[in-house]
Amino acid sequence: MEILDVISDQTNRALWEVKNVIDCVPNDLWDKEYCNAPMWQHIYHMLHSLDMWFINPYDYVEPLIHADNLNNLDIKPAKHLSRVEINEYYNLIKNKIEKYVLMLTDDQLLEYPKNCKYTKFTLILAQFRHLHSHMGMIMGFIIDDTDMWPRVIGLERPIPTDSDYDKYF
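In this text, all values refer to a predicted model and were calculated from it rather than measured experimentally.

Enquirer: Explain helix α3 (residues 83–103) here, please?
Expert: Since the α-helix packs 3.6 residues into each turn, any two residues three or four apart lie on the same face. For α3, built from 21 residues, the straight-helix expectation of 30 Å at 1.5 Å per residue is met to within 8% by its first-to-last C-alpha distance of 30 Å. For α3, the full list of buried residues reads Ile86, Asn87, Tyr89, Tyr90, Ile93, Ile97, Tyr100 and Val101. The arc enclosing the buried residues of α3, seen along the axis, measures out at 160°, which places them on a common side. Away from the buried face of α3 by more than 90 degrees, exposed residues Val84, Glu88, Lys99 and Leu102 are located. As for α3, its buried residues are in contact with α1 (3–24), α2 (39–53) and α4 (120–146).

Enquirer: Can you walk me through the pattern of salt bridges in this structure?
Expert: Side chains that differ in charge, positive against negative, can pair when their charged atoms come close. As enumerated under the stated definition, the model contains seven salt bridges in all. Its salt-bridge partner being Lys19, residue Asp23 comes within 2.6 Å of it at the nearest N-O pair. Of this pair, Asp23 and Lys19 are both found in helix α1, four residues apart, which corresponds to roughly one turn of the helix.

Enquirer: Explain the side chain of Asn20 here, please?
Expert: Along the polypeptide, Asn20 turns up in helix α1. Taking the relative accessible area as the measure of exposure, Asn20 reaches 0% and is therefore buried. At a separation of 2.9 Å, a polar atom in the side chain of Asn20 contacts the side chain of Tyr165. Polar side-chain contacts of Asn20 include one of 3.0 Å to the backbone oxygen of Lys167.

What counts and what doesn't
Residues numbered from 1 in each chain as written. Predicted model: local features only at pLDDT ≥ 70, side-chain atom pairs only at ≥ 80, totals over all residues. Heavy atoms only, no water. Helix = DSSP H or I, 4+ residues; strand = E, 2+ residues; numbered from the N terminus. Expected span 1.5 Å × (residues − 1). Buried < 20%, exposed > 50% of the residue type's maximum accessible area, 1.4 Å probe, protein only. Arc of directions from axis to C-beta. Contact = heavy atoms within 4.5 Å. Salt bridge = Lys/Arg side-chain N within 4 Å of Asp/Glu carboxyl O. Polar contact = N/O pair within 3.5 Å; in protein donor to acceptor, adjacent residues only side chain to side chain.

This is the structure we're talking about:
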């Protein structure tokens with residue numbers, strides 16, 4: 001087994017869990033504020049960081065839905081993002097990251113992307129850390145307001161391949 005096999009599997013699991021958590025946000029919580037930012041902005045912040053930092057933050061183009069400081073949880077958003085926009089952005093990121101991980105080799109993990117001071121491996125690990133910090137916060141918001149726990153799949157459960165599964169434990 002190669003290191004990239006583990007990274008690929010854990011990336012696929014993490015991306016599935018991100019989508020499941022987004023799907024677990026009830027409509028009445030989409031705009032509810034937590035720590036002075038609406039739920040959708042917490043999700044956007046998490047996704048934007050994943051998009052920007054997983055591959056190379058120094059060679060990055062903002063997505064079309066982005067507006068200045070939209071990813072900054074300390075600044076009130078100047079625009080609103082719908083669930084459809086967030087889901088489209090998630091799919092764009094998912095496809096981009098899956099293609100990137102597929103083309104990587106173990107030997108490339110300790111290389112530095114163009115104009116970047118971090119190795120590819122450092123960027124990936126840092127995003128897993130950041131992603132799951134925010135996943136925990138968002139899951140906590142959902143659990144506190146709904147008394148339902150979004151499903152996670154851990155190391156051993158298979159990744160559901162269709163929409164016929166229970167989103168919650």
